[in-house]
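Notes for the structure review
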Amino acid sequence: MKDHQMGECFLFLVVVMVLSMAHSKADKNENWWSETVPYKMGTEKMTKLHFYFHDTGNPTAVKIAEAPGSNSSATRFGELYMTDDPLNEGPDPNSRLVVRAQGLYGTSGMNESSLIMGISLVFTGDKKFNGSTISVFTRNPITHKEREFAIVGGTGYFQYARGFITAKPYWTSGKNAIIEYNCTVVHY
């Protein structure tokens, strides 16, 4: 083969390689998504739930971080806690456990005692709801008698959940409390 023919053959091979690499790369990129299609959600349901948040006895929340001035703040502003609190069927701490409140909360008020909460209500005590969750992301002004929390999502039985929780003290003594929760959950 002459130099001229070898150059053309080499150029042809380079073009084929570049095109095949571009083609294989395009195929790989298309695997991460699929065409958007119409989707029918089904019938919306509303579920009402009633249980009691128990923050008594053994600590179920632990401090995992604090701001430099938290200890000198009247509201403990800047503290962050990890929590795993029981929510029972009734106000008696020995009543049946139905939900665990697992997540984070931080002291968010500089001038008022309030929390910012990101928690999942994890259902444990009922075959119908077991393993499902309700996601709550909300402000909790803990000194108010009646509070309302935002439900922003859910899984399992509560997929696409939205709604609200009303919370009011049932019993308090120092740092111990039992809070009554009434939940209105809209879901599919």
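This text gives an overview of the structure that appears in the document. (Residues numbered from 1 in each chain as written. Predicted model: local features only at pLDDT ≥ 70, side-chain atom pairs only at ≥ 80, totals over all residues. Heavy atoms only, no water.)

On to the packing of aromatic side chains, then. Tallied over the entire structure, the rule returns 12 aromatic pairs. For the ring pair Phe 129 and Phe 158, a centre distance of 5.1 Å and an interplane angle of 35° mean the geometry is tilted. Taken together, the residues Phe 129 in the loop between β5 (115-123) and β6 (133-140) and Phe 158 in the loop between β7 (147-155) and β8 (162-173) connect sequence positions 29 residues apart. Phe 158 shares its class with Phe 129; the two are buried. (Phe/Tyr/Trp six-rings, centres within 6.5 Å; stacked < 30°, edge-to-face > 60°. Helix = DSSP H or I, 4+ residues; strand = E, 2+ residues; numbered from the N terminus. Buried < 20%, exposed > 50% of the residue type's maximum accessible area, 1.4 Å probe, protein only.)

Attention shifts here to the pairing of β6. By the bridge criterion, 8 bridges tie β5 to β6 in an arrangement that is antiparallel. Its bridge partner being in β6, Leu 121 is matched across the sheet by Ile 134. Bridge count for β6 against β7 is 4 bridges, and the pairing is antiparallel. Residue pairing for β7: Val 136 is matched across the bridge by Ile 151. Linking β6 back to β7 in an antiparallel pair, the connection comprises 6 residues. (Pairing = 2+ DSSP bridges.)

We now examine the nonpolar core. Core analysis: the biggest nonpolar cluster contains 28 residues, and Leu 49, Phe 51, Leu 121, Ile 134 and Tyr 181 have the highest contact counts within it. Elements with a contribution of two residues or more to this core: β1 (45-55), β3 (80-88), β4 (97-107), β5, β6, β7, β8 and β9 (176-187). In this structure, Ile 134 is in contact with Leu 49, Ile 119, Ser 120, Leu 121, Phe 123, Ile 151, Gly 153, Gly 154, Phe 158 and Val 185, ignoring residues within four places of it in sequence. (Core = buried A, V, L, I, M, F, W, Y, C linked by side-chain atoms within 4.5 Å. Contact = heavy atoms within 4.5 Å.)

We now examine a nonpolar patch on the surface. Among the surface-exposed residues, Val 62, Ile 64, Leu 80, Met 82 and Leu 104 lie close enough to one another that they form a single nonpolar patch of about 390 Å² accessible area. Put simply, the parts of the chain that give the nonpolar patch at least two residues each are β2 (61-65) and β3. Structurally, the position occupied by Leu 104 is in strand β4. Overall, the relative accessible area of 35% leaves Leu 104 in the partly exposed class. (Patch = residues over 30% accessible without salt bridge, like charges linked within 9 Å, V, L, I, M, F, W, Y side chains within 5 Å. Areas by Shrake-Rupley, 256 points an atom, 1.4 Å probe, with all protein chains shown as cover. Salt bridge = Lys/Arg side-chain N within 4 Å of Asp/Glu carboxyl O.)

Looking now at the environment of Glu 79. Mapped onto the elements, Glu 79 comes out in the loop between β2 and β3. Classification of Glu 79 by relative accessible area gives buried; the value is 3%. With 13 residues separating them in the primary sequence, Glu 79 and Glu 66 have C-alpha atoms 4.2 Å apart. Polar contacts involving the side chain of Glu 79 include one to the side chain of Lys 63, which spans 3.4 Å. Here the side chain of Glu 79 touches Arg 76 through a polar contact of 2.8 Å, side chain to side chain. (Polar contact = N/O pair within 3.5 Å; in protein donor to acceptor, adjacent residues only side chain to side chain.)

Quick look at the pairing of β4 now. Relative to β4, β3 runs antiparallel, the two being bridged by 9 bridges. By the bridge assignment for β4, Asn 88 is matched with Leu 97. As defined by bridge partners, β4 adjoins β5 across 9 bridges and the pair is classed as antiparallel. Within β5, the residue paired with Gly 106 across the bridge is Ile 116.

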